[in-house]
Amino acid sequence: MPANEIIHQSMRLKIMAALNVLAPDAHLEFTRLKELIGATDGNLGAHLDTLEKAGYVVIEKLFVGKRPQTRVKATRAGRRAFADHVTYLREILDGGGDA
Amino acid sequence: MALDPKEAAASLDDIAAIERRTRQALHYSGASDIFFLWGALTFAGHLLNWFVPRSGFWVWPAIDIGGFIITVAIMLWRFPHMRGRGGGLRWISSYLAFLVFGGLVMVELAPLTIRQQQVFWPTLVMFAYVLAGIWIGRFFLVIGVTATILVLAGYYLAGDLFALWLAFVFGGGLIAGGFWLRRSAA
């Protein structure tokens, strides 16, 4: 199993770990995700853009009443890529992967 | 990209930590609605008991049934992953087991005074919160222990004001807990 260099970056790994916990069609609000992984607005935004370009997350901007809200969810491809990367990491620990 | 086992282990630890935090945040957020619901119901129930002491015979069964139905609806709405996986059935079974256990204890220890019943049910519920807190998050543990202490304090110290004590301290405490959970999960 090869490594996924997009997901492996520390902040992006945390983003995918958080989104992977949710039910398949569930979203996390931007502000809540930011607090969960300890990111700043700009930092999180940049990493989400990278993940979106890779097709791993979908970002939605909407209004709740009059308040703008940004929410994120993992795509099926993103969940699969994350699962594959976790497998890669475990294979290293089991002595079967790269070192 | 080449990783050594130490780096791989660190990444897996990071993943586990974030997954734990996310699950806890989701639990807290969903639980806040349930705290609001039962806080309001217990506040109203105890207040009614204070003004109409004999109302307990019909108020509490009505609260238990109505509150239970609304709780299951909230659980299925807030935790969609429970739908279709038996999660709702587990909650129903847990609630029924809780009621049956409590009922059996009441029958075996009968007759309990109204005051004893008033302390038994909240402390039984808070015991469940302590157990939940051991597994889900510290908040439930803290509220379980704190509420138990407050209920027992009222039992021994509040005299004739015990029902009012329960309304404001226990019911109000659950509502305050709901606000804290909502803030913590945000």
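Anyway, here's the lowdown on the structure attached to this text. The structure displayed is predicted, hence computed values, not measured ones. (Residues numbered from 1 in each chain as written. Chains lettered and ligands numbered in written order. Predicted model: local features only at pLDDT ≥ 70, side-chain atom pairs only at ≥ 80, totals over all residues. Heavy atoms only, no water.)

A few words now on the overall build of chain A. Helix and strand counts for chain A come out as five helices and three strands. Starting at the N terminus, the α and β elements of chain A follow one another as α-α-β-α-α-β-β-α. Its C-alpha atoms give chain A principal-axis dimensions of about 55 × 25 × 20 Å. In chain A, which comprises 99 residues, the share counted as buried stands at 42%. For chain A, the share of sequence-separated contacts (at least 6 apart) that also reach a separation of at least 24 residues comes to 57%. With the model as given, the accessible surface of chain A reaches about 5,200 Å², and the carbon-plus-sulfur share is 49%. Treating the 14 positive side-chain charges of chain A as one cloud and the 12 negative ones as another, the clouds have centres 8 Å apart. (Helix = DSSP H or I, 4+ residues; strand = E, 2+ residues; numbered from the N terminus. Buried < 20%, exposed > 50% of the residue type's maximum accessible area, 1.4 Å probe, protein only. Contact = heavy atoms within 4.5 Å. Areas by Shrake-Rupley, 256 points an atom, 1.4 Å probe, with all protein chains shown as cover. Lys, Arg positive; Asp, Glu negative; His and termini not counted. Charge placed at Lys NZ, Arg CZ, Asp CG, Glu CD.)

All names here are of chain A. Two strands pair when backbone bridges link them, and strand 1 (residues 28–29) and strand 3 (residues 67–74) are joined in this way by two bridges, in the antiparallel orientation. Of the residues in strand 3, the one forming a bridge with leucine 28 is valine 72. Looking at chain direction, strand 2 (residues 57–64) and strand 3 are connected through eight bridges and run antiparallel. If you follow valine 64 over to strand 3, its bridge partner there is arginine 67. What sits between the antiparallel neighbours strand 2 and strand 3 is a turn of two residues, in which glycine 65 has the positive phi angle 70°. (Pairing = 2+ DSSP bridges.)

Before going further, it helps to spend a moment on the interface of chain B and chain A. With 22 residues of chain B at the interface, the matching set in chain A holds 26 residues. For the pair chain B and chain A, the summed buried surface comes to about 2,100 Å²; carbon and sulfur atoms form 72% of the total. Seen at the junction of chain B and chain A, the total is zero salt bridges. At the junction of chain B with chain A, the criterion picks out two residue pairs in polar contact (both at pLDDT 80 or more). If you tally residues by element for the side of chain B that touches chain A, the top one is helix 1 (residues 5–51) of chain B, at 15 residues. For the side of chain B that touches chain A, the class distribution of residues is 13 nonpolar, four polar and five charged. (Buried area = accessible area lost by both parts, 1.4 Å probe. Salt bridge = Lys/Arg side-chain N within 4 Å of Asp/Glu carboxyl O. Polar contact = N/O pair within 3.5 Å; in protein donor to acceptor, adjacent residues only side chain to side chain. Nonpolar A, V, L, I, M, F, W, Y, C, P; charged D, E, K, R; others polar.)

Right, let's talk about the sheet that holds strand 1 of chain A for a bit. Residues and elements named next belong to chain A. Read across the sheet, three strands follow the order 1-3-2 without closing on themselves; strand pairing throughout is antiparallel. Across the chains shown, the open sheet's two edge strands, defined by having one partner strand only, are strand 1 and strand 2. Packing of helix 2 (residues 10–21) onto the sheet brings it into contact with strand 1, strand 2 and strand 3, and relative to strand 3 it is tilted by some 90°. (Axes fitted to C-alpha atoms, helices over the stretch in contact; angles between N-to-C directions.)

With 19 residues, helix 5 (residues 76–94) of chain A should cover 27 Å at 1.5 Å per step; its first-to-last C-alpha distance of 27 Å lies within 8% of that length. Residues of helix 5 of chain A that are buried: Gly78, Arg79, Ala81, Phe82, His85, Val86, Tyr88, Leu89 and Ile92 of chain A. Buried residues belonging to helix 5 of chain A abut helix 1 (5–8), helix 2 and strand 3 of chain A together with helix 1 of chain B. At the C-terminal side of helix 5 of chain A, glycine 95 of chain A shows a positive phi close to 90°. (Expected span 1.5 Å × (residues − 1).)

Let us now look at the pattern of salt bridges. All names here are of chain A. The tally for this structure, following the rule as stated, stands at four salt bridges over all chains. For glutamate 60, the salt bridge goes to arginine 71, with nearest N and O atoms at 3.1 Å. Of this pair, glutamate 60 sits in strand 2 while arginine 71 is found in strand 3, placing the two residues eleven residues apart along the sequence.

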